[in-house]
Amino acid sequence: MYRILKSKDGEDMYAEILNSDKSSYSKIYLNKGASLQELVLGNNHIIKNMSPMTYEETYASSILFPFANRVKDGKYRFENKTYQLEINETDLNNALHGLVYNKTFEIINEEVTDTSATVKLAYHETKKLNGFPYSYSVYLDYTLKDFDLEIKVSVKNTDTKTFPFTLGWHPYFVSDNLGESLLMFDSNKKLKWDNRNITTGILETEVPKVLKIQNQEFNDCFLLNSSVVHFQTPKYLLILMSSESDGFLQLYTPPKKNTIAIEPTTGVSDSLNNKIGLKTLKPNNDYEVEWNVTVVNN
């Protein structure tokens, strides 16, 4: 039987979803953008707290909206107007990872069965920022099963004007031995970046069918030909799937041992300017994407 618990630790409010023996477990921090800070599937610890690195440093498992990655100088143009976002990557003078990663979500519904549990969360933005002068709602469904986690993200434009956006998820996955782990995904193109991690073009590239991580460090974004990514570790195989047919894959190795960010996104660095993957949402319309994580024990 699954359960949903609500708790508070200091200023942090979180929801836990778990089964009876805790072989399936998730911990969602409501006041940190409804980010998933712990995940266990099939008795495998898939996502762990990034301590001693802070959430403000890592954006661990944050939902990235209305832009994934960066906006150069925080500036962009849309419908012949120029907008200025807040600069929160001060050393590179970029706007980073959207506007909801630090917002507080509320639980609006819960569903529990013998084989799964779902928490539905919502955040409603009514303040129209100078850099993004639109109102919107973001809905998140986290559904946990024994070997599977599904995240459904729905964005509704509650404004009277169309707005531009991209969307992403920023999870860090753990392996007992990252150097002996493998990545498998279908791509033959990657982004070219400048020294501020801003997209300057697209490069043809050869990605092996089986990419050995070994001692490599990643900070790369690939254009995917398939919505399925495999991450093979010594203990488990993780399958990450997206409902987005023409999405992107961001890979990043942080300064934390045996940890790698494998991030599905609908857009890229500076999409608000270069338009790569950029979408628009009309008033009263919705956009939805699903990300599914499945684990197979070795």
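Our subject is the structure that appears above.
Below, the structure is looked at part by part. (Residues numbered from 1 in each chain as written. Predicted model: local features only at pLDDT ≥ 70, side-chain atom pairs only at ≥ 80, totals over all residues. Heavy atoms only, no water.)

### Some points on the nonpolar core
Cut-off, in case you're wondering: To define a nonpolar core, start from buried Ala, Val, Leu, Ile, Met, Phe, Trp, Tyr and Cys residues and group those joined through side-chain atoms within 4.5 Å. Three labels apply to residues, based on accessible area from a 1.4 Å probe with only protein chains included: buried if under 20% of the type maximum, exposed if over 50%, partly exposed otherwise in between.
Counting 69 residues, the largest nonpolar core has Y142, F185, F231 and I262 as its most contacted members. Formed by six residues, the second largest nonpolar core is a distinct cluster that contains L191, W193, C221 and F248.

### Regarding the layout of surface pockets
The test is simple: Of the two site types, the cavity is a set of points on a 1 Å grid over the protein atoms alone where a 1.4 Å probe fits but cannot get out, and the pocket is an open set with protein on both sides within 12 Å along at least five of seven lines, each lined by residues with an atom within 4 Å of a point. Grid points are joined across faces, edges and corners, and a volume is the space filled by probe spheres set on the points. The way it works is that DSSP assigns letters per residue, a run of H or I at least four long becomes a helix, a run of E at least two long becomes a strand, and they are numbered from the N terminus. Gly is put with the polar residues, along with every residue not named as nonpolar or charged; the nonpolar set is Ala, Val, Leu, Ile, Met, Phe, Trp, Tyr, Cys and Pro, and the charged set is Asp, Glu, Lys and Arg.
By volume, the largest pocket is sized at about 400 Å³. E57, R70, E89, H97 and Y252 are, among the 21 residues lining the largest pocket, the residues nearest its centre. Sorting the residues of the lining of the largest pocket by element identifies helix 1 (55–58) and strand 25 (248–252) as the ones contributing at least two each. The dominant element in the lining of the largest pocket, judged by the number of residues it contributes, is helix 1, at three residues. Looking at the lining of the largest pocket, its residues break down into eight nonpolar, eight polar and five charged. Of the volumes computed, that of the second largest pocket is approximately 280 Å³. Considering the residues around the second largest pocket, the lining is formed by 18 residues, among which E86, G98, L99, K103 and L129 are closest to the centre. Looking at the lining of the second largest pocket, the elements with two or more residues in it are strand 10 (94–96) and strand 12 (117–125). Within the lining of the second largest pocket, the residues separate by chemical class into nine nonpolar, five polar and four charged.

### Considering empty space enclosed by the protein
One pass over the full model with this rule turns up three cavities of 30 Å³ or more. Estimates place the volume of the largest cavity at around 90 Å³. As for the largest cavity, its lining consists of 13 residues, and the residues nearest its centre are L224, S227, S242, F248 and P264. Listed by contribution, the elements that provide at least two residues to the lining of the largest cavity are strand 24 (236–242), strand 25 and strand 26 (259–265). Broken down by element, the residue count for the lining of the largest cavity peaks at three residues, all from strand 24.

### Overview of the pairing of strand 26
Rules: A strand pair is defined by DSSP finding two or more bridges across the two strands.
Across the seven residues of strand 26, seven count as buried, placing the element largely inside the fold. By the alternation rule, side chains of strand 26 split into T259, A261, E263 and T265 and I260, I262 and P264, which are all buried. Pairing geometry for strand 25 and strand 26, over five bridges, is antiparallel. Its bridge partner being in strand 26, Q250 is matched across the sheet by E263.

### Here we look at unusual backbone geometry
Across the junction of S51 and P52, the peptide omega takes the value 10 degrees, indicating a cis bond. Its location among the elements puts P52 in the loop between strand 5 (44–47) and helix 1. Looking along the chain, the bond that leaves F65 and enters P66 is cis, with omega of 5 degrees. Looking at the element boundaries, P66 is found in the loop between strand 6 (62–64) and strand 7 (70–72). Unlike most non-glycine residues, N93 shows phi in positive territory, near 55 degrees. A relative accessible area of 35% means that N93 is categorised as partly exposed. One non-glycine residue, N197, lies in the positive phi region at around 65 degrees.

### Section: the sheet that holds strand 21 (residues 211–212)
The sheet built from nine strands is open, its strands ordered 11-12-13-14-28-24-23-18-21 with antiparallel pairing. Both outer strands of the open sheet, strand 11 (106–112) and strand 21, are each paired with one neighbouring strand and no more. Both strand 14 (residues 148–157) and strand 28 (residues 286–297) contribute to a ladder of nine bridges, which runs antiparallel. Bridge pairing links S154 to E288 in strand 28.

### Considering the environment of A261
The condition that has to hold: A contact between two residues is defined here by any heavy atoms of the two lying within 4.5 Å.
Looking at where A261 falls in the secondary structure, it is placed in strand 26. Exposure remark for A261: the relative accessible area of 0% places this residue in the buried category. Through-space distance from the C-alpha of A261 to that of F163 is 28 Å; in sequence the pair is 98 residues apart. Those residues in contact with A261 that sit more than four places away from it in its chain are H170, P171, Y172, Q250, L251, Y252 and P254.

### Some words on the pattern of salt bridges
Defined as follows: Here, a salt bridge means any Lys or Arg side-chain nitrogen found within 4 Å of an Asp or Glu carboxyl oxygen.
The final tally for this structure, using the stated rule, is 10 salt bridges. The shortest N-O distance in the salt bridge between D12 and K32 comes to 3.6 Å. With D12 in strand 2 (residues 12–18) and K32 in the loop between strand 3 (25–29) and strand 4 (35–41), this pair connects stretches of sequence that are 20 residues apart. Residue D12 is classed as buried on the basis of its relative accessible area of 18%. K128 serves as the salt-bridge partner of D159, at 3.0 Å between the closest nitrogen and oxygen.

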